[in-house]
Each structure stands twice: as C-alpha cells, then as structure tokens.
Amino acid sequence: MKLFVRVIEARNLRGIDFNGLSDAYVKLKVGKQKFKTKVVKKIVNPSSGEDFSFRVEDLKEKLRIYVLNKNKYFNDDFMGKLKISIWKIFDVENKFLETTWYSLQPKNKKSKNKDYGEIRVAISLSLNNSSFEESPSGSPNDALNTDKYPVIHHLFHYGHL
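Asker: I'd like a description of the overall build of the protein, backed by residues and values.
Answerer: Within the protein, the secondary structure is distributed over two helices and nine strands. Beginning at the N terminus, the succession of helices and strands in the protein can be written as β-β-β-β-β-β-β-α-β-β-α. Taking all 161 residues of the protein together, 45% fall into the buried category. Surface summary for the protein: the accessible area is close to 9,300 Å², and the carbon and sulfur share equals 49%.

Asker: Give me the lowdown on the layout of surface pockets, citing residues and values where you can.
Answerer: One water molecule sets the probe size; rolling that probe over the atoms shows where empty space is left. For the largest pocket, the calculated volume is near 190 Å³. Every residue along the wall of the largest pocket is listed here: Ile 16, Asp 17, Phe 18, Asp 23, Lys 70, Asn 71, Lys 72, Tyr 73 and Phe 74. Taken together, the residues of the lining of the largest pocket break down into four nonpolar, one polar and four charged.

Asker: Residue-level account of the nonpolar core, with values.
Answerer: Membership of the largest hydrophobic core comes to 34 residues, with the highest contact counts inside it found for Leu 3, Leu 28, Phe 54, Leu 63, Ile 119 and Ile 123. Per-element tally for this core: the top contributor is strand E2 (residues 22-30), with five residues. If near-sequence neighbours (up to four positions away) are discounted, Leu 28 is found in contact with Val 5, Val 7, Gln 33, Lys 34, Phe 35, Phe 52, Phe 54, Leu 63, Arg 64 and Ile 65.

Asker: Just give me the short version of the environment of Tyr 116, but keep the residues and values in it.
Answerer: Along the chain, Tyr 116 turns up in the loop between strand E8 (96-103) and strand E9 (118-126). By relative accessible area, which is 5% here, Tyr 116 ends up buried. The spatial distance from the C-alpha of Tyr 116 to the C-alpha of Val 67 is 9.4 Å, given a sequence separation of 49 residues. Residue contacts for Tyr 116: discarding those within four places in its chain leaves Asn 12, Leu 13, Arg 14, Phe 78, Met 79, Gly 80, Leu 104, Gln 105, Pro 106 and Ser 111.

Asker: Pulling in residues and values, what's your account of the pattern of salt bridges?
Answerer: Applying the stated criterion across every chain, the model contains four salt bridges. When the shortest N-O distance is used, the salt bridge between Arg 6 and Asp 51 registers 2.6 Å. Here Arg 6, found in strand E1 (residues 2-11), pairs with Asp 51, found in strand E5 (residues 47-55); they are 45 residues apart in sequence, far enough to count as distant. Comparing Arg 6 with Asp 51, the two get one shared label, buried. In this structure, Arg 11 and Glu 118 form a salt bridge, with 2.6 Å as the shortest nitrogen-oxygen distance. With Arg 11 in strand E1 and Glu 118 in strand E9, the pair connects residues that are 107 residues apart, well separated along the chain.

Asker: I'd like to hear about the sheet that holds E8, residue by residue, with values.
Answerer: An order of E5-E1-E9-E8 is seen for the four strands of this open sheet, with the pairing classed as antiparallel. Two strands lie at the open edges of the sheet, namely E5 and E8, each paired on one side alone. Neighbouring strand axes in the sheet, compared pairwise and without regard to direction, differ in orientation by 20 degrees on average. Of the pairings in the sheet, the one linking E1 to E9 comprises nine bridges and is antiparallel in character. For Val 7, the partnering residue across the bridge sits in E9 and is Val 121.

Calculation criteria
Residues numbered from 1 in each chain as written. Predicted model: local features only at pLDDT ≥ 70, side-chain atom pairs only at ≥ 80, totals over all residues. Heavy atoms only, no water. Helix = DSSP H or I, 4+ residues; strand = E, 2+ residues; numbered from the N terminus. Buried < 20%, exposed > 50% of the residue type's maximum accessible area, 1.4 Å probe, protein only. Areas by Shrake-Rupley, 256 points an atom, 1.4 Å probe, with all protein chains shown as cover. 1 Å grid on protein atoms, 1.4 Å probe; cavity = no way out; pocket = protein on both sides within 12 Å on 5 of 7 lines; lining within 4 Å. Points joined across faces, edges and corners; volume = space filled by probe spheres on them. Nonpolar A, V, L, I, M, F, W, Y, C, P; charged D, E, K, R; others polar. Core = buried A, V, L, I, M, F, W, Y, C linked by side-chain atoms within 4.5 Å. Contact = heavy atoms within 4.5 Å. Salt bridge = Lys/Arg side-chain N within 4 Å of Asp/Glu carboxyl O. Pairing = 2+ DSSP bridges. Axes fitted to C-alpha atoms, helices over the stretch in contact; angles between N-to-C directions.

Next comes the structure, spelled out in structure tokens:
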C-alpha cells in the first residue's frame, strides 16, 4: 500500500524567533521512512503544497507529522505534532481523509501551552503498490502525476486539494 500526504499550509503557529516569527518546516514519518518540507522563513502562517508518499507495510503504523522551527546554530524548536493511524485512513470508504485543518498537539501531555496552531493536510491511501516516480535526487516528486495515481487524481479533480 502507498500513503500519499500533501502538506498544504499551517496557521497560527507560535512565533518562536526573536522577531516573533518562525522559520517553519514539517517533518513526516511513517515507520522508518522520513521526509521533510522546505523551510518557510519568517512567518507564522506558512504554505507548502508539497507531496510525499510512504510505503505502508502494517495498518498499525501511524503517520507522524511534526512542525518545527529551523535554527541555524541550535537544535530545531518543536512547534506541534499530529498523529494519524493508518488504520483510520484504511477504514474510510474512499481511503482518503477530507482535506481539513488539524489542531497541532503538544510534545507531551504535561505542556502548559495549549495553542500550537493548526496544519492543513490531505491524506489518502492507495491499495495499489505500484512504484512511485522519483525525482533526479531520488526523493519523491513534489508534484505527483495525478493521472498515474488515481487517489490523488480524485482529490485534485473533486476539490479536496
């Protein structure tokens, strides 16, 4: 199976840098597979529009999404996270979750800050295990060929992305 994720945008992120803004990016993980978006500098409502695909071996796996603030000299700052069970996506009739805003969660339950902003993503699961086209760098294309991937095609053409 293939899991397709489009990171669309985020809003109301915490401004972590001294200027009250952030240099935000998103890290995505399923099992041992990891990808990240490009950094969007000096903003609290970044747009991305980047696509990623993951090979899914087990429905018990989770899609983990982390929003981070890029630091030049120190470790990157955590800004929020989202976890979605692959089983939840598999259980939906069309195997895709409506494009929607998800509230970002704290790193742990002890966190006093409750407002981490939101992230808007589109998520779909394809039962077809065909190979995914790769860019010259060897990473998934940022622009999926919607004719080749019917689930993404459906999302684009029916207004879900």
